[in-house]
Amino acid sequence: MTESIFRVLNINLGQAVFWSNTTTVLWWITGSSRSFKPFVADRVGEIQNATNSKQWQYVLMNKNPADSVTRGLKLSELVKSKEWCNRTNFLGQK
């Protein structure tokens, strides 16, 4: 999805930073995609072809704004959330 959005906006994909709260996924991205079962290998291969593993960062699960709803945050609370509507502090740091 990022690749499509960046293409439309004429932005270099190399400028993107991606976040995952799963260390397993980050490990997969740095590994050899051919060593995984077909479904995982295909997804990892796509990610490796489109991005550099250095673009991927780890975020603690409880700091991941994308998981707010899975932690029980109601929609009415989500629209008032500073982390969701603006950005969390860690996104501005590197």
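Anyway, here's the lowdown on the structure attached to this text. None of the values given here were measured: they were computed from a predicted structure.

Rules used throughout
- Residues numbered from 1 in each chain as written.
- Predicted model: local features only at pLDDT ≥ 70, side-chain atom pairs only at ≥ 80, totals over all residues.
- Heavy atoms only, no water.
- Helix = DSSP H or I, 4+ residues; strand = E, 2+ residues; numbered from the N terminus.
- Contact = heavy atoms within 4.5 Å.
- Areas by Shrake-Rupley, 256 points an atom, 1.4 Å probe, with all protein chains shown as cover.
- 1 Å grid on protein atoms, 1.4 Å probe; cavity = no way out; pocket = protein on both sides within 12 Å on 5 of 7 lines; lining within 4 Å.
- Points joined across faces, edges and corners; volume = space filled by probe spheres on them.
- Nonpolar A, V, L, I, M, F, W, Y, C, P; charged D, E, K, R; others polar.
- Phe/Tyr/Trp six-rings, centres within 6.5 Å; stacked < 30°, edge-to-face > 60°.
- Lys NZ or Arg CZ within 6 Å of the ring centre and 35° of its normal.
- Core = buried A, V, L, I, M, F, W, Y, C linked by side-chain atoms within 4.5 Å.
- Buried < 20%, exposed > 50% of the residue type's maximum accessible area, 1.4 Å probe, protein only.
- Axes fitted to C-alpha atoms, helices over the stretch in contact; angles between N-to-C directions.
- Parallel < 35°, antiparallel > 145°, perpendicular 65-115°, else oblique.

**Some remarks on the overall build of the protein chain**
- From N to C terminus, the protein chain includes five helices and two strands.
- Listing each helix as α and each strand as β along the protein chain from the N terminus yields α-β-α-α-β-α-α.
- Relative to all contacts within the protein chain whose residues are 6 or more apart in sequence, the contacts with residues 24 or more apart total 52%.
- Total accessible area on the protein chain is roughly 7400 Å²; 54% of this is exposed by carbon and sulfur atoms.

**Describing the layout of surface pockets**
- In this structure, the largest pocket encloses a volume near 300 Å³.
- Residue lining of the largest pocket: M1, T2, E3, S4, L13, F18, R43, E46, I47, A50, T51 and W56, and that is the complete set.
- Of all elements in the fold, only α1 (2-9) and α3 (38-50) reach the threshold of two or more residues within the lining of the largest pocket.
- Here the lining of the largest pocket takes four residues from α3, the largest share from any one element.
- Per-class residue counts for the lining of the largest pocket are six nonpolar, three polar and three charged.

**Structural notes on the packing of aromatic side chains**
- Tallying each qualifying case throughout the model produces three aromatic pairs.
- Here W28 and F36 contribute two aromatic rings whose centre-to-centre distance is 6.0 Å and whose plane-to-plane angle is 55°, an arrangement assigned as tilted.
- Sitting over the ring of F39, R43 keeps its end group 4.4 Å from the ring centre.

**Describing the nonpolar core**
- If you look at the biggest cluster of nonpolar residues, it comprises seven residues: F6, L13, A16, F18, L26, I29 and W56.
- Apart from the residues within four sequence positions on either side, L13 is in contact with T2, E3, F6, F18, A50, T51 and Q55.

**Section: the packing of helix α2 (residues 23-30) against α3**
- Orientation of α2 relative to α3, taken along the N-to-C sense of each, is 70°, at an axis distance of 9 Å. By the angle between their directions, the pair α2 and α3 is classed as roughly perpendicular. Contacts from W28, I29 and T30 of α2 reach α3 at V40, V44, I47 and Q48.
- Here the contact of α2 with α3 is built from residues that sort into five nonpolar, two polar and no charged.

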